[in-house]
Structures are given as structure tokens and as C-alpha cells.
Amino acid sequence: MKISKQLVLTYIYLFVYITLSSGVILYNKWVLSPKYFNFPLPITLTMIHMGFSGLVAFLLIRVFKVVSPVKMTFEIYATCVIPISAFFASSLWFGNTAYLFISVAFIQMLKALMPVATFVMAVICGTDKLRCDIFMNMVLVSVGVVVSSYGEIHFNVVGTVYQVTGIFAEALRLVLTQVLLQKKGLTLNPITSLYYIAPCSFVFLFVPWYLLEKPEMEVSQIQFNFWIFFSNALCALALNFSIFLVIGRTGAVTIRVAGVLKDWILIALSTLIFPESTITTLNITGYAIALCGVVMYNYLKMKDVRAVQLPVDSVTDRTAKELKMEKKSFDLYVSDDIAKNGGGKGTRNGSPDSTVDEEAPFIPSTRVSHLGRSPLSSHSA
């Protein structure tokens with residue numbers, strides 16, 4: 001049986017994505033944990049990532065001119081970029097701080113709440129409607145997370161609150177990205193997202209850093225290793241582009257399956273690398289229940305997409321569009337078709353897509369369908 005070179009390349013991209021995503025999370029935990037590298041300053045670490053990402057984007061756009069900046073007016077920046085960056089900075093701050101209190105395995109289990117948070121925020125903001133079938137799935141996910149939390153040996157209320165708050169901040173950012181940027185007709189590729197959002201997020205993080213972590217850095221002996229932080233920021237940056245490549249070559253189903261596989265691998269790896277990341281049978285049972293809800297939620301969303309697409313497009317038209325999108329999958333700019341259909345993470349019915357990688361914040365939000373190709377999120381960039 002002859003294996004296509006394109007198929008092999010797709011699997012290589014998926015492998016790189018899973019490796020980088022898992023690596024960034026474990027790396028962040030190792031850097032922040034007092035038991036290991038002992039740099040318990042999550043805001044500082046996040047600001048390093050923001051500064052590095054902004055600098056790289058500036059060089060690529062202004063110096064090397066790899067891509068051109070989008071037409072950004074003061075009004076768009078003030079009404080769209082600033083509020084999105086504020087919630088993005090909050091999600092990073094809270095998500096990274098959770099590593100100080102709870103294990104990587106438990107954090108991944110709590111992240112199953114992402115569809116719940118996104119759905120709730122979408123309903124509140126009016127971009128999605130409250131539906132009985134989706135609501136029951138959200139209840140199932142919530143029950144699973146509660147069971148998993150009850151089975152957590154080293155349960156910590158502070159760490160759990162930080163992580164859940166970060167999840168809801170990220171969900172609100174996704175909804176705002178859809179509501180604000182789509183209305184302005186603005187779509188950002190990974191580089192322009194870095195260019196506009198990273199510096200703004202850096203500024204928002206500066207205030208809590210100055211109040212909370214700067215005094216601590218002045219009185220405590222915090223070790224700083226340039227190569228550790230440089231490689232950590234580089235891995236986070238590489239993860240963004242790996243997701244861009246993966247989504248450019250696969251459909252929504254593949255990226256969702258890869259995400260679930262990554263979570264299981266990460267939970268297993270964290271128990272091996274960090275002895276304190278002990279998981280119990282109740283942990284796994286609760287997480288499995290939550291995943292069932294997530295899978296059903298994704299199925300309903302994909303079904304909604306097909307219900308809209310199938311009556312409109314003939315088989316020939318859909319095939320032609322798929323080939324056209326395949327040709328454009330490596331373009332740094334989002335295709336016009338996707339931009340017209342909506343630049344925010346979401347499905348055709350208006351709710352933002354909850355299948356995001358919280359470790360990769362700068363991938364631009366585009367609609368993901370079973371035909372379309374596409375990818376903003378790091379809790380732990």
C-alpha cells in the first residue's frame with residue numbers, strides 16, 4: 001500500500017504539534033514550580049513571552065517585511081485589540097499562576113470546562129442561543145469535572161479558582177474576538193496577531209507585575225537563566241506556527257482528535273515527570289465523563305455546520321472549495337472565503353469554537369468546518 005507524501009507530512013505536523021504543546025506546558029510547570037527550577041513568578045514569565053513574541057513579530061513585519069501589517073485604525077485598536085488583549089493577558093496570568101498550586105494532570109482535566117465557559121459566554125453575549133441538547137452536554141462536562149476534582153488527592157482551592165478563572169477569561173476573549181473583530185471585518189494571521197496583541201498584553205500585565213511580583217523579585221534571590229527563558233519563549237512561539245500548519249492541512253475532526261490525544265499523553269507524561277501529579281481512578285472516571293460531554297458537544301457543532309453547508313453547496317462545489325482551500329492552506333493570510341464567513345473562532349451558528357489550544361494564544365481565529373481549514377489561545381504561553 002503506497003502512502004502519500006502529503007499524508008506523511010500531515011502526520012509529521014500533528015506529531016510536532018502534540019510534542020510542542022505538551023512540551024510547552026511541562027516546561028512552564030518545571031520553570032514555575034518551587035520544587036524544580038523555582039521561578040514562582042508567573043506574570044514575569046508571561047511578560048517574557050509577550051515581549052519576545054512582540055519583538056519577533058516586529059522584526060518579521062517592519063524589518064524583514066515577511067508580511068504586511070493590516071489596516072489598523074485607532075478606533076479598531078481601542079475598541080477591539082485593547083479589550084481582547086486585556087482578557088487574553090488575564091487568561092495567561094491566571095492560567096500560569098495555577099501551575100504554582102495544582103498539578104499539570106489536574107489542570108488538563110479542568111480544561112475540559114472550556115466548552116462550558118465558551119458556551120456560557122456566547123449565550124451571555126448573544127452570539128449563541130441556549131439549546132437543550134447543548135445545555136445537557138454542558139451539564140455532563142461539569143459533572144465530570146466535579147467528579148474529577150473530588151478525586152484529586154492534592155486538591156487546592158486557590159489553584160482551582162485561578163485555573164477556572166483563566167478558562168472563563170479565555171472564553172470571553174474568544175467571544176470578544178468574534179463579536180468585535182468580525183464586525184470590523186478584520187482578520188489577523190499569526191504574525192499580525194503577535195504584532196498587535198502581544199505588546200498590548202505586555203502593558204496590561206505590567207500593572208499586576210509591578211504591584212505583585214516586582215517587590216518579591218527585589219527581596220528574594222530569584223535565579224535567571226537566559227537560555228532557559230529564551231528556549232521556553234521560543235517553544236511557545238514555535239507552537240503557534242505548528243498549529244497554523246496543522247490546521248492548514250487537516251479538518252476540524254482531526255485537530256479535535258489530536259487535541260484529546262494530546263491531553264491524555266500530557267496527563268500520562270506529567271505523572272512520570274512530576275511525582276506529585278498523582279492521578280486516581282476517580283480522576284480518570286470524572287475526566288472520561290467530561291470528555292464524553294465534550295465529544296458530544298463537538299459532534300453537535302459539526303452537525304450544525306453540515307446542516308448549513310449541505311443544502312447550499314452541491315457536491316461539486318464543495319469539492320472545488322476544498323481543493324481551493326487546500327491550495328491556500330499555506331498562505332500567511334486568511335482566505336477571503338473564510339474571512340467573509342467570519343474571522344472568529346466558531347461554527348456557523350455563531351458560537352466561538354471551543355477547541356483551542358490554551359498554550360498557543362496567537363493563532364488567528366477562523367471558522368473551522370469539516371471542509372474548511374483554519375485556527376487565538378495559551379493559558380500558558
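Residues numbered from 1 in each chain as written. Predicted model: local features only at pLDDT ≥ 70, side-chain atom pairs only at ≥ 80, totals over all residues. Heavy atoms only, no water.

Enquirer: Is there a simple way to think about the packing of aromatic side chains in this case?
Expert: Considering all chains together, one arrives at 18 aromatic pairs under this definition. For the pair Trp-93 and Phe-94, a centre-to-centre distance of 4.9 Å together with 15° between the ring planes defines the contact as stacked. Between the aromatic rings of Trp-264 and Tyr-287, the centroid separation amounts to 5.1 Å while the plane-to-plane angle is 65°, which identifies the pairing as edge-to-face. Of the two residues, Trp-264 sits in helix α10 (residues 252-273) while Tyr-287 sits in helix α11 (residues 281-312), which places them 23 residues apart along the sequence. Owing to a relative accessible area of 32%, Trp-264 belongs among the partly exposed residues under this scheme. You can call Tyr-287 buried: its relative accessible area is 1%. (Phe/Tyr/Trp six-rings, centres within 6.5 Å; stacked < 30°, edge-to-face > 60°. Helix = DSSP H or I, 4+ residues; strand = E, 2+ residues; numbered from the N terminus. Buried < 20%, exposed > 50% of the residue type's maximum accessible area, 1.4 Å probe, protein only.)

Enquirer: So what exactly am I meant to see when it comes to a nonpolar patch on the surface here?
Expert: A cluster of nonpolar side chains, namely Leu-55, Phe-58, Leu-59, Val-63, Phe-64 and Val-66, defines an oily patch on the protein surface of about 550 Å² accessible area. Position of Phe-64 relative to the elements: it lies in the loop between α2 (42-63) and α3 (74-98). Assessed through its relative accessible area of 58%, Phe-64 is described here as exposed. (Patch = residues over 30% accessible without salt bridge, like charges linked within 9 Å, V, L, I, M, F, W, Y side chains within 5 Å. Areas by Shrake-Rupley, 256 points an atom, 1.4 Å probe, with all protein chains shown as cover. Salt bridge = Lys/Arg side-chain N within 4 Å of Asp/Glu carboxyl O.)

Enquirer: Could you clarify how one ought to interpret the confidence of the model for the protein in this entry?
Expert: Detailed reading of the predicted model is not advised wherever pLDDT is low. Across the protein, pLDDT averages 80, with 79% of residues at or above 70. For the stretch residues 312-316, pLDDT sits under 50, and the model shows 2 contacts to residues farther than four places along the chain or on other chains. Predicted confidence is poor over residues 363-381, with pLDDT under 50, and the contacts of this stretch with residues over four places away or in other chains come to 123 contacts. (pLDDT = per-residue confidence, 0-100. Contact = heavy atoms within 4.5 Å.)

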